[in-house]
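Residue-level structural notes
If you want the building blocks of each chain, they are given just below.
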Amino acid sequence: MLIELLATGIFGWLLGSLVNYLADVLPLFRRVHTPVCPRCQSTKGWWTVLIPGPCRVCGKSNATRAWLILLFFVISSVWLRDNYPPRLGYYLSSLLLVYLSLVAVIDIEHRVILHEVSIAGALIGLVVGFWLHGAPLTLLGGAAGFGAMYLLFALGAFYVRSRSHAGTQLEDALGFGDVNLSGVIGLLLGWPGVIAGLFLGVILGGAASLVVLVAMLARRRYRVDASIPYGPFLAASAAMLLIFRTAML
Ligand SMILES: [Zn+2]
């Protein structure tokens, strides 16, 4: 019993380390690479992936994020052991959690959803979706997710163009990475699950925007172009609907 709990905790630690490692190297190299410091790019030992700390060369530290991710994965892995969704199973749930966390961390830190990560997500989405919903509903879900977000993206681009005068540029409210991610989430949730997924993502993102807005107004530092990335909220929404559903019922 205790041994099993310990093994599950270690498994969670390894998954968290994988997310931390990929979130450090993928934005720099777009592929797997020896671990490096995100700032000075000096090579780091693999053990620093398992036990995070500041860079020995420049002192830059991603340790706070790294420890938060490790904590999240250890707790999730232990919790999932007794509560994993039956159809998905323990290991597929873990894989999805790794993927969604990676997307969220990179989007928060770099404001980007990498194409390489989206392509990997589409493959995972197809496999998991076919398994959960069958081919037609999976493809329909993916098309609906991609299409709905593409429409918002096109509207946003139109709005930005109509508002931008010489010299002023509004930040894109929605990046194309969000469109790709919605497609991936549509594959994972299938049809009609994708509707709930997008809806929940927009609600979570809207609530967070409101908190940011109130904080800015309170400090009298309102900026019209301040935008928050939507990727993490779409990822959180998919995780809540696919993996942590039983926790919320
Ligand atoms: Zn460094």
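Throughout what follows, the structure given in this document is the object of discussion. Keep in mind the model is a prediction, meaning the values are calculated, not measured. (Residues numbered from 1 in each chain as written. Predicted model: local features only at pLDDT ≥ 70, side-chain atom pairs only at ≥ 80, totals over all residues.)

Considerations on the packing of helix 5 (residues 115-133) against helix 7 (residues 176-218)
The packing of two helices is summarised by the inter-axis angle and the distance between the axes. Selection rule: Axis angles are defined between N-to-C directions and span 0 to 180 degrees, where every axis is a line fitted to C-alpha atoms and, for a helix, only to the segment in contact. For helices the rule is a DSSP run of H or I covering at least 4 residues; for strands it is a run of E covering at least 2, with both sets numbered from the N terminus onward. We call two directions roughly parallel when the angle between them is under 35 degrees, roughly antiparallel when it is over 145, roughly perpendicular when it lies between 65 and 115, and oblique otherwise. For any pair of crossing helices, the crossing counts as left-handed if the nearer helix is rotated counterclockwise from the farther one by less than a right angle, and right-handed if it is rotated clockwise. Once C-beta atoms are placed from the backbone, any two residues with those atoms within 7 Å are in contact. Each residue is assigned to one of three groups, with Ala, Val, Leu, Ile, Met, Phe, Trp, Tyr, Cys and Pro labelled nonpolar, Asp, Glu, Lys and Arg labelled charged, and all others, Gly among them, labelled polar.
Axis separation between helix 5 and helix 7 bottoms out at 6 Å; the angle between their running directions is 20 degrees. When the axes of helix 5 and helix 7 are compared, the pair comes out roughly parallel. Between helix 5 and helix 7 the crossing geometry is left-handed. On helix 7, the residues touching Ser118, Gly121, Ala122, Gly125, Leu126, Val128, Gly129, Leu132 and His133 of helix 5 are Gly177, Asn180, Leu181, Gly183, Val184, Leu187, Leu188 and Gly190. Partitioned by chemical class, the residues of the contact of helix 5 with helix 7 number 8 nonpolar, 9 polar and no charged.

A short note on the nonpolar core
Here is the rule we go by: Buried Ala, Val, Leu, Ile, Met, Phe, Trp, Tyr and Cys residues whose C-beta atoms connect them within 7 Å together make up a nonpolar core. Residue burial is a threshold on neighbouring C-beta atoms within 10 Å of the residue's own C-beta, all placed from the backbone, with 20 or more meaning buried, 12 or fewer meaning exposed, and counts in between meaning partly exposed. As used throughout, domain bounds are those supplied by an automatic or database domain assignment.
Among the nonpolar cores identified, the biggest contains 38 residues, and Leu100, Leu102, Val103, Ile185, Leu188, Ala238 and Leu242 are the most heavily contacted of them. Among the secondary structure elements, those contributing two or more residues to this core are helix 1 (2-29), helix 3 (63-83), helix 4 (89-110), helix 5, helix 7 and helix 8 (231-242). It is helix 4 that contributes the most residues to this core, 9 residues altogether. Looking at this core, you find at least three residues from each of domain 1 (1-83) and domain 2 (117-249). Contacts of Leu242, omitting those with residues within four sequence positions, involve Pro85, Leu88, Leu96, Leu188 and Leu189.

Quick notes on helix 7
For clarity, the threshold we go by: The span one expects for a helix is its residue count, reduced by one, times 1.5 Å. Bend at a given residue is defined as the angle between two axes, one fitted to the seven residues that end at that position and one fitted to the seven that begin there.
End to end, helix 7 covers just 32 Å across 43 residues, shorter than the expected 63 Å (1.5 Å per residue, more than 12% under). The sharpest bend along helix 7 reaches about 125 degrees and sits at Gly190, with the proline Pro192 one to four residues further on. Immediately beyond the C-terminal end of helix 7, within one or two residues, lies Arg220, with a positive phi of roughly 55 degrees.

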